Amino acid sequence: MSKEPKLVKSCKPVQETILQLRAERQRVGMVPTMGALHEGHLSLVAAAREQCDFVVVTIFVNPAQFEPGEDLDQYPRVLENDLAQLAQLDVDLVFAPSEKEIYPAGFSTRVDPPASAQPWEGAHRPHHFSGVVTVVSKLFNIIPADVVFFGQKDYQQAMVIQQLVSDLNFPIQIEICPIVRNQDGLALSSRNQYLDPDQRKQATVLSSCLRWAQQRVSEAERSSQVLTQGIREQLREAGVEAVDYVAIVDPVTLVEVAQVDEPAMLLLAAHLGNVRLIDNCRLVPD
Ligand code: AMP
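Notes on the structure in this doc start here. (Residues numbered from 1 in each chain as written. Predicted model: local features only at pLDDT ≥ 70, side-chain atom pairs only at ≥ 80, totals over all residues. Heavy atoms only, no water.)

Considerations on empty space enclosed by the protein
Inspection of the entire model under this criterion finds one cavity of 30 Å³ or more. In terms of lining residues, the largest cavity is bounded by Lys-153, Gly-185, Leu-186, Ala-187, Ser-189, Asn-192, Ala-203, Leu-206, Ser-207, Leu-277, Ile-278 and Asp-279. Only α9 (204–218) and β9 (275–283) provide two or more residues apiece to the lining of the largest cavity. Broken down by element, the lining of the largest cavity gets its largest block of residues, three residues, from β9. Grouping the constituent residues of the lining of the largest cavity by class yields six nonpolar, four polar and two charged. (1 Å grid on protein atoms, 1.4 Å probe; cavity = no way out; pocket = protein on both sides within 12 Å on 5 of 7 lines; lining within 4 Å. Points joined across faces, edges and corners; volume = space filled by probe spheres on them. Helix = DSSP H or I, 4+ residues; strand = E, 2+ residues; numbered from the N terminus. Nonpolar A, V, L, I, M, F, W, Y, C, P; charged D, E, K, R; others polar.)

Okay, here's the thing in structure tokens:
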């Protein structure tokens, strides 16, 4: 059974619809995306469908979160295909605004992201999180949902948004859903389609490094340096030369930890040709 979701492109009507639903005590879930939907996005939608009465998916390729020279112009835009997939999941409403609707003439406010946005992705993409928290703040106001679903795939983003919600008192609950992977371990990403066949094979080394580190931790290795060095070597051996970072960090502050004595997050970013991939996993000592 499939039901076409209602497609709305302007802010005012969607805000009115959601406020009305909230007044009727319906639980509203939102899944923000940039479209080109894959099973990773759809897992967030399924979680929203399970937990909420009314499910909104937003599709907006946000120019403010791309660095100059990044793939904004090439980013896949496939709205018809996205809508067909969302119809299968019984989504109620899709909000797909134009760039002008979100950033009309005269728009000039930016939200300053929290400290957790500084390292890792923030160090390599200096405007990225300011663009993310600005658009997410707007979406929280345009669609005042009860609960908003994000993926662990973008772990730092999820932590930055949790801090944003806490610091600015957005009356919204954040749910973080697990990473969906291909059978060979590669985390699903809209950018995987740009990998050529050799790079696609090479890309599996990212997730195999994460599994290796989890195994080493379960064998009682605690030194972050030993673990990150081991990963760097494996990446080099697999021909992945351009590594932005390999870091073991506190799960909330994202500050590096020297030892995995408490649960920590392993964060990884590397380039395969022109394609930049990120991945992460939790490291839990016994
Ligand atoms: P994007 O369209 O890339 O902005 O992603 C929209 C949401 O989907 C974000 O919260 C991502 O973290 C999440 N997401 C992307 N890829 C995956 C994946 N492989 N597994 C789970 N969630 C994902």
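There is more to say after this.
Things to note about the pairing of strand β5 (residues 147–151)
Along β5, five of the five residues are buried, which leaves the element largely enclosed by surrounding structure. Side chains Val-147, Phe-149 and Gly-151 project from β5 onto one buried face, and the interleaved Val-148 and Phe-150 project onto a second face that is buried too. Note that strand β2 (residues 28–33) and β5 share two bridges and pair parallel. Counterpart to Met-30 in the pairing with β5 is Val-148. In this fold, the crossover linking β5 to strand β6 (residues 173–177) by way of helix α7 (residues 155–167) has right-handed handedness. (Buried < 20%, exposed > 50% of the residue type's maximum accessible area, 1.4 Å probe, protein only. Pairing = 2+ DSSP bridges. Right-handed = clockwise from strand over helix to strand, strands pointing away.)

Topic: the packing of aromatic side chains
Two measures describe an aromatic ring pair: the distance that separates the ring centres and the angle between the ring planes. Enumeration according to the criterion identifies five aromatic pairs in this entry. Ring centres of Phe-60 and Tyr-103 lie 6.1 Å apart, and the angle between their planes is 50 degrees; on these two criteria the pair is classed as tilted. With a gap of 43 residues between them, Phe-60 in the loop between β3 (54–59) and α3 (79–88) and Tyr-103 in the loop between α4 (99–102) and α5 (121–124) connect regions that are remote in the sequence. Under the relative-accessibility criterion, Phe-60 is labelled buried at 9%. (Phe/Tyr/Trp six-rings, centres within 6.5 Å; stacked < 30°, edge-to-face > 60°.)

Remarks on the sheet that holds strand β7 (residues 242–249)
Sheets are built from strands paired through backbone hydrogen bonds, the pairs being either parallel or antiparallel. Read from one edge of the open sheet, three strands run β7-β8-β9, paired in antiparallel fashion. The sheet terminates laterally at β7 and β9, the two strands that pair on one side only. Across the sheet, the mean angle separating the axes of adjacent strands is 10 degrees when strand polarity is ignored. Direction of pairing for β7 relative to strand β8 (residues 264–272): antiparallel, over a ladder of seven bridges. Bridge pairing links Ile-248 to Leu-266 in β8. Each of β8 and β9 is contacted by α9, which is oriented at about 20 degrees to β9, the strand it contacts most. (Axes fitted to C-alpha atoms, helices over the stretch in contact; angles between N-to-C directions. Contact = heavy atoms within 4.5 Å.)

Examining unusual backbone geometry
At Ala-36, a residue that is not glycine, the phi angle is positive and equals roughly 50 degrees. Located in the positive-phi region is Ala-220, a residue other than glycine, with phi close to 85 degrees. By the element assignment, Ala-220 lies in the loop between α9 and α10 (224–237).

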